[in-house]
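Descriptive analysis of the structure
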Amino acid sequence: MSNDKPLPRLDLAPKLDRPLSLRNPLDYLRLLYWVFYFPQALRWYVDEFGGGYIPESEMNIRKGLQILRENAIQRQLLLQGIILILFIQILIYGFSNNWMSIAFWVVVSVVFGVVFSIARGVAFGVALSLVLSVTLGLALGLSEIVIFSWLGGGILGSILGIILGMTLCFVLSIGINWTFIIILGLVLGMVFGFAKDIALSMLFGLALGATVGIVRGVSFGLTRGVAVGVVGGMSFGLMRGIAVGVVGGMSFGLAFSVSFGLAFSVFIFRPDSWLLGKLFNFKRHNSSWLFFKVTVIPLKSLVRKLQQSLDSNWEIGLHNSNELLRYSYQLTSVVDAINETLSQSPKDDLIWKIASLAHQPFDWKLLGFASISQQQIQATFKRNLYIGFSTEGDITEIPCLDTFPCATAAGFLYLHKKEPARALKAFKVVCDILYGKEMYVLAQALTSCTQATEFNKIHDLILPPCPKQRLRPASWRAIEAFHHVIREAKSIHNSKSKAVRAQSLARAQGDLKQILDNADELPQAEGDLILDIATTWRDAFLDISTDIGNLEILESIQIPYTIGDPVEGSRFVGREDILQELENLWLQAKNPSSVLLYGHRRMGKTSILRNLTGESDLKLIYVNLQLLGTVSQGVSEVLQAIADEIAQQLHIPAPPDEAFLIFPQRTFDRYLREALKQLDGNVVIIALDEFEIIEELIEGGHLDAKFMGYLRGLIQKDKRLAFALAGLHTLEEMTRDYFEPFFGSTYPIRVGYLNPSATRQILENPSEDFPLEYEPAAVDEIYRLTCGQPYLVQLIGFQLVRRFNDRLFETGKTSETKLTLADVAAVTDITGADLFRNGRYYFDGVWKQANQGAPHQQALLTILARHPQGLPPETLQNELKLDEKNLNKAVEDLDRHDVIHKVENHYKIVVELFRIWVENTHSTS
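Predicted model only: the values in this text are computed from it and were never measured.

1. Here's the deal with the overall build of the protein chain
The helix and strand inventory of the protein chain stands at 43 helices and nine strands. Here the protein chain holds 925 residues, and 52% of them are scored as buried. When contacts within the protein chain are restricted to residue pairs at least 6 apart in sequence, long-range pairs at least 24 apart make up 73% of them. As displayed, the protein chain has an accessible area near 43800 Å², and 56% of this comes from carbon and sulfur atoms.

This is how it looks when you write it as structure tokens:
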């Protein structure tokens, strides 16, 4: 492959698809090769076939004994190491017949191997025992040859010294200087004589360096061990030198330092491996045939090829980077390639790329090196070079937040280190680039969560909202769950009801359990931090669970749902937008506006009016015109009814009935003027509910048509006075001459169906001590059946509690407090007539209203009732046999009255329960 082509997807793992065999000689050679030239393979072998590699830092004697007791593959690996030790010792010492040495070093190697296999893992123990066997055995075996030539070397050195001295005297023409000749002979004699000590010390030092270095290589710490070996070798050599004599020690020290300096460099840098890597680097496509597994010298060609891979495909490049870290010591090359690629990347790609880098990296220091400057990187490499720098080397530099790549990498690294406050500071730097704001908010949320370690702090937390654009969806699902938990904690803290608190506790614990059960889905960077938060919160909720206890219902529940009267107080929810709009019209404006509240039957208009009494500077007079009954005295009775409500609510006595009978309008004017005077500037709103009755009275001749003009005149006389008229959609449709002057000056507000959230709130929280809980699917089904029609929502809730009480009466007690989808199906079944019989006022009212206005409305509903999915206009026209004009009139009236609506060119009945009622009551086949 040419150097210009991108790096293939590397697979550097050993190519072995079976465990090592005790009977295969080649497997013993493979094991020996692994120990000295591919130590990472031992970790891979144990991980692949031996039940999983446990890092040295996590090993202990208990785990080691358990592994040897339970894992046959690792026991066999230890046995293979012992067999190889025996063979090596026989091979080294066999020619000398020194069986005592063989036995001694076999025992030493085996004991070390077994002990360290138990304490530090089988891979570590096998590597240590084999290196001891080979290096120490070889060193001390060869030293025996040196020992036999000790004396001869000294004599030979002295003779050569005398000859060399005489020759030098002759060449320099200085005469025969016997003092010089004798000294030179003695020096050379000592050097040759102590050559044994030098050779022995050098080989022993090399053995120690190789032993510790290669064994540490199994856990990726080669050079640190070699350094220890050097110190041991020097100590041994010096001691030998001192034992023989000062002069011998000095000679040995000089020779030993030179020899060990060379040996030290070889074992650290492995120039042989580097040279082969330079010559044969990636010459085979997608191959593991690489010769740089044990060298730390950077390969520039490797940096270039890895950078090409990262540029062309970031994810494949990261895979290759992790392969190199896992199966070689080319950390420097990987760091250089990744940092160079990040420095050249567009800023909107940075957070995504570094997030991928932080996704299960083989070594988290890659994030550390990406977060510091180039000068800091070089300083780190130099500082750690002679103390065992490798993938275990430490990075002590403080991350640099001056650039986007460094700040982003620092943010992810701090999340991994469980320091979200520092991550927050780092991500603040990249807020303006793609995904930067998301990571900043995520760090902000995690920082807040980590600060809440007790329940009393959890319920006071305020987390930032979750963003829509998400780089970390699994993390945001956890943050959303934390939002839910905080809401439940607030409910537990604020509620006095044991039932509500128990249900909130169960939901909170369920949310936290879901996070912990799905731990594998969390990103590795912030995953451990999220799990720590979830665990801490779970324990905090567990601490208060004994105070809340389990809920067991022993007596009938008081039904909190309202199906007849208006809903008032804390039970009134879901109309906050309308209440706010009315507040703006009546309190924020200089002159209060008269309003027209209109909407579908039983939609909650009366409840809105009855809940408008909370402001001290607003006086609302509620008048239900249905209470008029039969009107025989015309305007006198209407104005008297309004005056009676004013008197009752404002405690201002009304004029006598006789005055209204003689001069109704003048009497009311004077009374209203006096009431406004006593209120001293307060705004007065007269709310006339069921106002369509006024139209009925006018059309029936019981009320003068000029009454509407009279009301308009009252508003114009005093700007502190306004009217709120509530009724059906027909109020908006009043266009006759006597209505137009008044309605032209009113502000219309349409009261529609509740949204799903308000529907859920009505059902789940009808009172503070409501002990029952709804299954989410049950609430969804209720909304589907009612479309948020308030009366029907309350009616279904009413029926569900009644059904629960009936079951309780039969069994005497129950601990099952959840209302399910099956319960909803039971109470809304058309054959169980309670719901439809109790709701007949609503159903009949909508049906009768469909008989007013445009013709054919009821016929249209009858046809649509047989088709839950609706019908297109063409089919409706054919079924009704109507022309397009008449069909459109009927459709327009029903649509305006919120009875039907159009969905994807199909008309269908809005409220499913009403459709079922029509189908079973009025539909014909």
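2. Quick look at a nonpolar patch on the surface
Side chains of Leu22, Leu79 and Ile83 sit close together on the surface and give an oily, nonpolar patch of about 210 Å² of accessible area. Residue placement: Leu22 occurs in the segment before helix H1 (25-37). Given the relative accessible area of 34%, Leu22 is considered partly exposed.

3. What about the pattern of salt bridges?
Evaluation of the coordinates by the stated rule reveals 24 salt bridges. In this structure, Lys365 engages Asp363 in a salt bridge whose closest nitrogen and oxygen atoms are separated by 3.2 Å. This pair shows no difference in class: Lys365 is buried, exactly as Asp363 is.

4. Focus on the pairing of strand E3 (residues 683-689)
Extensive coverage of E3 is indicated by the burial of seven of its seven residues. By the alternation rule, side chains of E3 split into Val683, Ile685, Ala687 and Asp689 and Val684, Ile686 and Leu688, which are all buried. Judged from the seven bridges that link them, strand E2 (residues 618-624) and E3 form a sheet pairing that is parallel. Directly across from Lys619, in E3, lies its bridge partner Val684.

5. Section: the nonpolar core
Grouped together as the largest cluster of nonpolar side chains are 112 residues, with contacts concentrated most on Trp34, Phe412, Phe482, Trp537 and Phe541. Per-element tally for this core: the top contributor is helix H25 (residues 524-548), with 11 residues. Membership of the second largest hydrophobic core comes to 58 residues, among which are Tyr561, Ala758, Ile782 and Leu785.

6. Overview of the packing of aromatic side chains
This structure, assessed with the given rule, holds 16 aromatic pairs. Pairing Trp34 with Tyr45 gives two aromatic rings, centres 5.9 Å apart and planes at 50°, and the pair type is tilted. With a gap of 11 residues between them, Trp34 in helix H1 and Tyr45 in helix H2 (residues 40-49) connect regions that are remote in the sequence. Just as Trp34 is buried, Tyr45 falls in that class too.

7. Focus on H2
Across the 10 residues that make up H2, a large majority, seven, are buried. Taken residue by residue, H2 has Gln40, Ala41, Leu42, Arg43, Trp44, Tyr45 and Val46 as its buried positions. Phi turns positive, to about 90°, at Gly51, one or two residues after H2.

8. A short note on the environment of Phe663
As for its placement among the helices and strands, Phe663 is situated in the loop between helix H29 (657-662) and helix H30 (664-679). Linking Phe663 and Ser636, residues 27 residues apart in sequence, is a C-alpha distance of 8.1 Å.

9. Remarks on the side chain of Gln799
Relative to the elements of secondary structure, Gln799 occurs in helix H36 (residues 790-811). The buried category is assigned to Gln799, whose relative accessible area is 5%. The contact partners of Gln799, leaving out residues within four places of it in the chain, are Val827, Asp834, Leu835 and Asn838.

10. Details of the packing of helix H13 (residues 300-312) against helix H15 (residues 331-343)
At a minimum axis distance of 9 Å, the contact between H13 and H15 shows a crossing angle of 40°. In terms of their interaxial angle, H13 and H15 are classed as oblique. Judged by the twist between their axes, the crossing of H13 over H15 is right-handed. Residues Leu302, Val303, Leu306, Gln307, Leu310 and Asp311 of H13 pack against Ser333, Val334, Asp336, Ala337, Ile338, Glu340 and Thr341 of H15. Grouping the amino acids of the contact of H13 with H15 by side-chain chemistry returns seven nonpolar, three polar and three charged.

11. A short note on the packing of helix H16 (residues 347-357) against helix H19 (residues 404-416)
In contact at an axis separation of 10 Å, H16 and H19 are set at 30° when each is read in the N-to-C sense. In terms of orientation, H16 lies roughly parallel with respect to H19. Handedness of the H16/H19 crossing: right-handed. Along the contact surface, H16 presents Lys347, Leu350, Ile351, Ile354 and Ala355, while H19 presents Phe404, Pro405, Thr408, Ala409 and Phe412. Its residues assigned to classes, the contact of H16 with H19 shows eight nonpolar, one polar and one charged.

12. Here we look at the environment of Phe104
You can see Phe104 is positioned in helix H5 (residues 99-120). Put simply, Phe104 and Gln89 are 15 residues apart on the chain and 9.8 Å apart in space, counted from C-alpha to C-alpha.

13. Side note on the confidence of the model for the protein chain
Reading fine detail from the predicted coordinates is not recommended where pLDDT is low. Of the residues in the protein chain, 72% have a pLDDT of 70 or more, and the chain-wide mean is 77. Across the protein chain, the element-wise mean pLDDT spans from 40 in helix H10 (residues 222-244) up to 96 in helix H20 (residues 420-428).

14. Quick word on the pairing of strand E9 (residues 906-909)
Of the two faces of E9, the one holding Tyr907 and Ile909 is buried and the one holding His906 and Lys908 is not buried anywhere. Relative to E9, strand E8 (residues 900-903) runs antiparallel, the two sharing four bridges. By the bridge assignment for E9, Ile900 is matched with Ile909. The antiparallel pairing of E8 with E9 creates a hairpin that spans two residues between the two strands, and Glu904 there sits at a positive phi of about 50°.

15. Here we look at the environment of Asn920
Positionally, Asn920 belongs in helix H43 (residues 912-921). Measuring from C-alpha to C-alpha, the distance between Asn920 and Thr862 comes to 9.8 Å, with 58 residues separating the pair along the chain.

16. A closer look at the sheet that holds strand E5 (residues 747-751)
Taken in spatial order, the five strands of this open sheet run E2-E3-E4-E1-E5, and their pairing is parallel. Edge positions in the sheet fall to E2 and E5, since each has one partner strand and no second. When strand polarity is set aside, the average angle formed by the axes of neighbouring strands in this sheet is 20°. Here strand E1 (residues 595-599) runs beside E5; their pairing, made up of five bridges, is parallel. The residue bridging Gly599 from the neighbouring strand is Val751, located in E5. Together, E2 and E3 form the strand contacts of helix H28 (residues 635-650), whose direction differs from that of E2 by roughly 135°.

17. Here we look at unusual backbone geometry
Even without glycine at this site, Asp898 takes up a positive phi of about 65°. With respect to the element layout, Asp898 can be found in the loop between helix H42 (884-896) and E8. Of the residues examined, Asp898 reaches a relative accessible area of 7% and is grouped as buried. In this structure, Asn905 is a non-glycine residue whose phi angle is positive, near 65°.

18. Brief notes about H30
The terminal C-alpha atoms of H30 lie 23 Å apart, and with 16 residues this matches the ideal 22 Å at 1.5 Å per residue to within 8%. By the burial criterion, the buried members of H30 are Pro664, Thr667, Phe668, Asp669, Tyr671, Leu672, Ala675, Leu676 and Leu679. Where H30 is buried, its residues touch E2, H28, H29, E3, helix H32 (707-717) and strand E4 (721-727). Phi turns positive one or two residues past the end of H30, at Asp680, with a value near 55°.

Definitions and cut-offs
- Residues numbered from 1 in each chain as written.
- Predicted model: local features only at pLDDT ≥ 70, side-chain atom pairs only at ≥ 80, totals over all residues.
- Heavy atoms only, no water.
- Helix = DSSP H or I, 4+ residues; strand = E, 2+ residues; numbered from the N terminus.
- Buried < 20%, exposed > 50% of the residue type's maximum accessible area, 1.4 Å probe, protein only.
- Contact = heavy atoms within 4.5 Å.
- Areas by Shrake-Rupley, 256 points an atom, 1.4 Å probe, with all protein chains shown as cover.
- Patch = residues over 30% accessible without salt bridge, like charges linked within 9 Å, V, L, I, M, F, W, Y side chains within 5 Å.
- Salt bridge = Lys/Arg side-chain N within 4 Å of Asp/Glu carboxyl O.
- Pairing = 2+ DSSP bridges.
- Core = buried A, V, L, I, M, F, W, Y, C linked by side-chain atoms within 4.5 Å.
- Phe/Tyr/Trp six-rings, centres within 6.5 Å; stacked < 30°, edge-to-face > 60°.
- Axes fitted to C-alpha atoms, helices over the stretch in contact; angles between N-to-C directions.
- Parallel < 35°, antiparallel > 145°, perpendicular 65-115°, else oblique.
- Left-handed = near helix turned anticlockwise from the far one by under 90°.
- Nonpolar A, V, L, I, M, F, W, Y, C, P; charged D, E, K, R; others polar.
- pLDDT = per-residue confidence, 0-100.
- Expected span 1.5 Å × (residues − 1).

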